[in-house]
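Letter by letter, the chains look like this.
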Amino acid sequence: MTETHKPRLLTGDTPTGRLHLGHWVGSLENRVQMQKDYDCYFLIANVHAFTTRAEKPAEIHQSVIDIAIDYLAAGIDPARSTIFLQSDIPAIAEMTFFFSMLIPFPRLMRNPTIKDEIRDKGLGDNYSFGFLLYPVGQVADILVFRPDVVPVGEDQIPHIEMTREVARRFNQVYCHVDSHAEDKDQIKLGGLFPIVEAKLGRSRRLIGTGGPSPDGSLLKMSKSLNNAILLSDDPDTIKKKVMAMYTDPNRLKATDKGTVENNPLWIFHETFNPDKTWVEEAKARYREGTIGDVECKKRLVDVLVELIEPMRQRRLKYEQDLHYVKKVLQEGTAKANQVAQETLLLAKEAMRQRYY
Ligand code: TRP
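Structural notes, computed from the coordinates. (Residues numbered from 1 in each chain as written. Predicted model: local features only at pLDDT ≥ 70, side-chain atom pairs only at ≥ 80, totals over all residues. Heavy atoms only, no water.)

## Remarks on the site of the ligand
As a structural note, the neighbourhood of the ligand is formed by 13 residues, with Gly12, Thr14, Gln138, Asp141 and Gln156 the closest of them. Within the side chain of glutamine 138, an N or O atom sits 2.9 Å from a nitrogen atom of the ligand. When residues of the shell around the ligand are traced back to their parent elements, those giving at least two are β1 (8-13) and α7 (129-143). At four residues, β1 tops the list of elements feeding residues into the shell around the ligand. In terms of residue class, the shell around the ligand is made up of five nonpolar, six polar and two charged. (Near = heavy atom within 4 Å. Polar contact = N/O pair within 3.5 Å; in protein donor to acceptor, adjacent residues only side chain to side chain. Helix = DSSP H or I, 4+ residues; strand = E, 2+ residues; numbered from the N terminus. Nonpolar A, V, L, I, M, F, W, Y, C, P; charged D, E, K, R; others polar.)

## Examining the packing of aromatic side chains
The description of an aromatic ring pair uses the distance of the two centres, along with the angle that the planes make with each other. Going through the model one piece at a time under the given rule, you end up with 14 aromatic pairs. Geometrically, the ring pair formed by phenylalanine 268 and phenylalanine 272 is tilted, given 5.9 Å between the ring centres and 40° between the ring planes. Taken as a pair, phenylalanine 268 and phenylalanine 272 lie in helix α10 (residues 264-272) at a separation of four residues, close to a single helical turn. One aromatic cluster is present, formed by Phe99, Phe170, Tyr174 and Phe193 through successive ring pairs. Over the aromatic face of tyrosine 286 sits the side chain of arginine 251, whose NZ or CZ is 4.0 Å from the ring centroid. Lysine 317 extends its terminal NZ or CZ atom over the ring of tyrosine 318, reaching a point 5.3 Å from the ring centre. (Phe/Tyr/Trp six-rings, centres within 6.5 Å; stacked < 30°, edge-to-face > 60°. Lys NZ or Arg CZ within 6 Å of the ring centre and 35° of its normal.)

Here it is as structure tokens:
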């Protein structure tokens, strides 16, 4: 298979800081794997970062560099994949404006991810107009690349659904695709945009290392909740975080019977420990009260250090060579612009807005 015949994959991250294990199982791990079979585009959504941090440009700048380095350290290979900056793809901004006309405003306000974010980030009714616009921007991020697959975490599904709706509507209104056409036939029937599929990672929503929220539900791993293990954490930090990790609060000593269900310690072992036999046996012993938390945590430290340490080592190298990292971004963005510009022209053509 040559480069150009591979199906195209697009996904991205809002730069909010360094990446953590939740990103790894939610998506990054998939991406590293998929590079060999897909022509991959990885977008760093720095415009989106301004929706909630407009007054912190220096922080966003640092986050962009951090994410680029984390991608490279995790194994994204710029010789095969394209890493690029949202803010330097003008076609995204242009298409956001046109697409926003195809989305009824109340439809946006029903987007559950938007509602969750307003709640979780404590935005109250003070969110900016741009905050509401960002899912439309995300529709444009995706559609200007006309990708075959979009690997994302579960929280992004509402945005993907909106992307599908906009694509159908654009195809109907401007490309005269029949309103009853099936999703898979849209391109064949003259539509410009594919009806994209989300691809979820193996762990849809990794929990954090802290305890549950007051209502008892386990909180997802998130840097802002201070319950994350970063892909750049050194072995000592990993050890500290794991040893302090929330487990079964009713278990005071190793001979107490323990609960495995909803216990972060076991969720982590199940997610990351390749030694399934050990995990099953240890779980049984934990239930009986014949193995201690400390022993299980130490095992987990080893497992996580083995996963993270090679990435951290690579990261240290890239940190010393920011010139290279920036060159990767610049070249990736130039390549991404070629694809995006082509789609923009086709979209304008379909909208009858090319005059010369
Ligand atoms: N909203 C996504 C997040 O916060 C990031 C993102 C922006 C994205 N544009 C995208 C993801 C396009 C997939 C496709 O994680």
